[in-house]
Protein chains: 2
Amino acid sequence: MEDEVDRLVAAWRRERPDLDVEPLEVLSRVSRLARHLDRARRLAFAEVGLEPWEFDVLTALRRAGAPYQLSPGALLTQTLVTSGTMTNRIDRLAKKELVERLPDPSDRRGVLVRLTANGRDKADESLAGLLTQERAILAELSRAQRHELAGLLRRLTGPFDNVPS
Amino acid sequence: MEDEVDRLVAAWRRERPDLDVEPLEVLSRVSRLARHLDRARRLAFAEVGLEPWEFDVLTALRRAGAPYQLSPGALLTQTLVTSGTMTNRIDRLAKKELVERLPDPSDRRGVLVRLTANGRDKADESLAGLLTQERAILAELSRAQRHELAGLLRRLTGPFDNVPS
DNA sequence: AAAATATATCTCGACGTCGAGATACTTGCC
DNA sequence: GGCAAGTATCTCGACGTCGAGATATATTTT
């Protein structure tokens, strides 16, 4: 099946036959697919009354395991947002009583963000919904193909996730 | 090489062994990689004095071929933003004299957005820079692997790009 | 040919993100 | 111990996006 990137690449080959646009075959698809996924996730989470950004924060805490707490800094590296954004997110989640802020006992500069019981329920509930939706999207591929795809993507994300930047 | 998604998946398997989180192996990597790419692109374009969103619009017009014009609606489907956003983008690009708005002669509701000579130069210049950067990221993979990866991604983007939604 | 429906674009207020700088505490070095 | 450099978080103004509604024109229906 042809997609928008096939059309995009064909257009470049016509307009700029001097350039090798092969990299776009992979990376433009990644960007566009991510955008489609954002939209789809927004719809799925609306049923649970959550925004995608709320899901990202709540599930990062949920994954940490009991007592479901992390520093804002740890949340930054997991969610790939800036510090100002995270402060704002925590404020809003605290106002909805899905998380609470505690002083870090081992570092007085620091803070710990902890999931409330309510927040934990939301996290569990929304994860199940997300997985159902993602399974439908991935039904296009066989199990072996999904594994292959995951492996190839890991080679690209690895360098980003492992530099200190 | 392990990445953040490997850690994420391992954490879920520990916390929620009852759930099958295999879909995350693919789709979380897509979302995270897209976010890394956004950041990298922002840096690359800054050298040319462009924002990523400006690149997206200018190159869509450039690809259309002479006379380098498209309707706002056509730009919407290519860039995956909403109509209000596109109006705003065109306004700002017009103020910088990279594009101009013309009435559509065949539909008086419509408008055509056309690249100026200046805008065309910017588009060409920034595309070359982007490709250089993307080639570096993709150097992790062999030519055959890149082709394989592009093919698998196409199976996922195809359904999104071909529904009338 | 009038009415109803559909389409293309724009308007505008609400919202989330960014990012540079500020603050407060900690760590390493002399 | 005291000072310099480093680190964690927060503050806040600027900016871009969203999305529902408004407007104008096209197309279809009766």
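Conventions adopted
- Residues numbered from 1 in each chain as written.
- Chains lettered and ligands numbered in written order.
- Predicted model: local features only at pLDDT ≥ 70, side-chain atom pairs only at ≥ 80, totals over all residues.
- Heavy atoms only, no water.
- Pairing = 2+ DSSP bridges.
- Helix = DSSP H or I, 4+ residues; strand = E, 2+ residues; numbered from the N terminus.
- Near = heavy atom within 4 Å.
- Polar contact = N/O pair within 3.5 Å; in protein donor to acceptor, adjacent residues only side chain to side chain.
- Nonpolar A, V, L, I, M, F, W, Y, C, P; charged D, E, K, R; others polar.
- Least-squares fit on C-alpha atoms with pLDDT ≥ 70 in both.
- Contact = heavy atoms within 4.5 Å.
- Salt bridge = Lys/Arg side-chain N within 4 Å of Asp/Glu carboxyl O.
- Buried < 20%, exposed > 50% of the residue type's maximum accessible area, 1.4 Å probe, protein only.

Under an unreviewed UniProt entry, chain A has the name MarR family transcriptional regulator and belongs to Streptomyces noursei.

Visitor: How should I be thinking about the sheet that holds strand 2 (residues 99-103) of chain B in this particular structure?
Guide: Two orientations exist for strands paired in a sheet by backbone hydrogen bonds: parallel and antiparallel. All names here are of chain B. As summarised here, the arrangement of the 3 strands in space is 1-3-2, forming an open sheet in which the pairing is antiparallel. Each end of this open sheet is capped by a strand with a single partner; those strands are strand 1 (69-70) and strand 2. Where strand 1 lies against strand 3 (residues 111-115), 2 bridges are found, and the strand directions are antiparallel. If you follow Gln69 over to strand 3, its bridge partner there is Arg114.

Visitor: Explain the protein's contact with DNA strand D to me, please; I cannot follow it from the model alone.
Guide: Near DNA strand D you find 23 residues, and of these Gly73, Ser83 and Arg109 of chain A together with Asn88 and Arg89 of chain B are the closest. Within 4 Å of the protein, the contacting atoms of DNA strand D are drawn from sugar and phosphate to the extent of 69%. Here Thr82 of chain B contributes a backbone N or O atom positioned 3.3 Å from a phosphate oxygen of DNA strand D. With respect to DNA strand D, the side chain of Arg109 of chain B contributes an N or O atom lying 3.5 Å from a sugar or linking oxygen. Counting only elements with at least two residues in the surface near DNA strand D, the list comes to helix 2 (22-46), helix 4 (72-79) and helix 5 (83-95) of chain A together with helix 5 (83-95) of chain B. Here the element with the most residues in the surface near DNA strand D is helix 5 of chain B; it accounts for 5 residues.

Visitor: Just checking my understanding: could you explain the protein's contact with DNA strand C for this structure?
Guide: For DNA strand C, the set of nearby residues contains 23 residues, the closest of which are Asn88 and Arg89 of chain A together with Gly73, Ser83 and Arg109 of chain B. Restricting attention to atoms of DNA strand C within 4 Å of the protein, one finds that 72% of them are sugar or phosphate atoms. In the environment of DNA strand C, a phosphate oxygen lies 3.2 Å from a nitrogen or oxygen atom belonging to the backbone of Arg108 of chain A. Note that a phosphate oxygen of DNA strand C is positioned 2.9 Å from one of the side-chain N or O atoms of Arg35 of chain B. At the level of elements, helix 5 of chain A together with helix 2 (22-46), helix 4 (72-79) and helix 5 of chain B are the ones that each hand at least two residues to the surface near DNA strand C. A total of 5 residues in the surface near DNA strand C trace back to one element, the largest contributor, which is helix 5 of chain A. Residues belonging to the surface near DNA strand C are distributed by class as follows: 4 nonpolar, 10 polar and 9 charged.

Visitor: Would you explain the relation of the copies chain B and chain A in this entry?
Guide: There are two copies of the chain, and a rotation about an axis plus a shift along that axis relates them. Expressed as a screw operation, the relation of chain B to chain A combines 0.0 Å of axial shift with a rotation of 180°, fitting to an RMSD of 0.0 Å. Those values place the two copies in the arrangement expected of a two-fold rotation axis. Comparing contact sets, 100% of the residues at the interface of chain B also lie at the interface in chain A, consistent with an isologous, same-surface contact.

Visitor: Even after reading the chapter, I still don't get the pattern of salt bridges, so can you show me in this structure?
Guide: Pairs can form between side chains of opposite charge once their charged atoms are near each other. Under the criterion given, the structure shown has 46 salt bridges over all chains. For Arg109 of chain A, the salt bridge identified is with Asp107 of chain A, shortest N-O distance 2.8 Å. A residue is classified by how much of its surface remains accessible, and Arg109 of chain A, at 76% relative accessible area, is exposed. Look at Asp107 of chain A and you get partly exposed, because its relative accessible area is 25%. Note that Asp56 of chain B is salt-bridged to Arg41 of chain B, the shortest N-O span being 3.6 Å. Of this pair, Asp56 of chain B sits in helix 3 (residues 52-63) while Arg41 of chain B is found in helix 2, placing the two residues 15 residues apart along the sequence. Accessibility expressed as a relative area gives 23% for Asp56 of chain B, which makes it partly exposed. Using a relative accessible area of 13% as the deciding quantity, one classes Arg41 of chain B as buried. Beyond isolated ion pairs, a larger network of salt bridges with shared partners links Arg14, Glu15, Arg16 and Asp18 of chain A together with Arg62, Arg120 and Asp124 of chain B.

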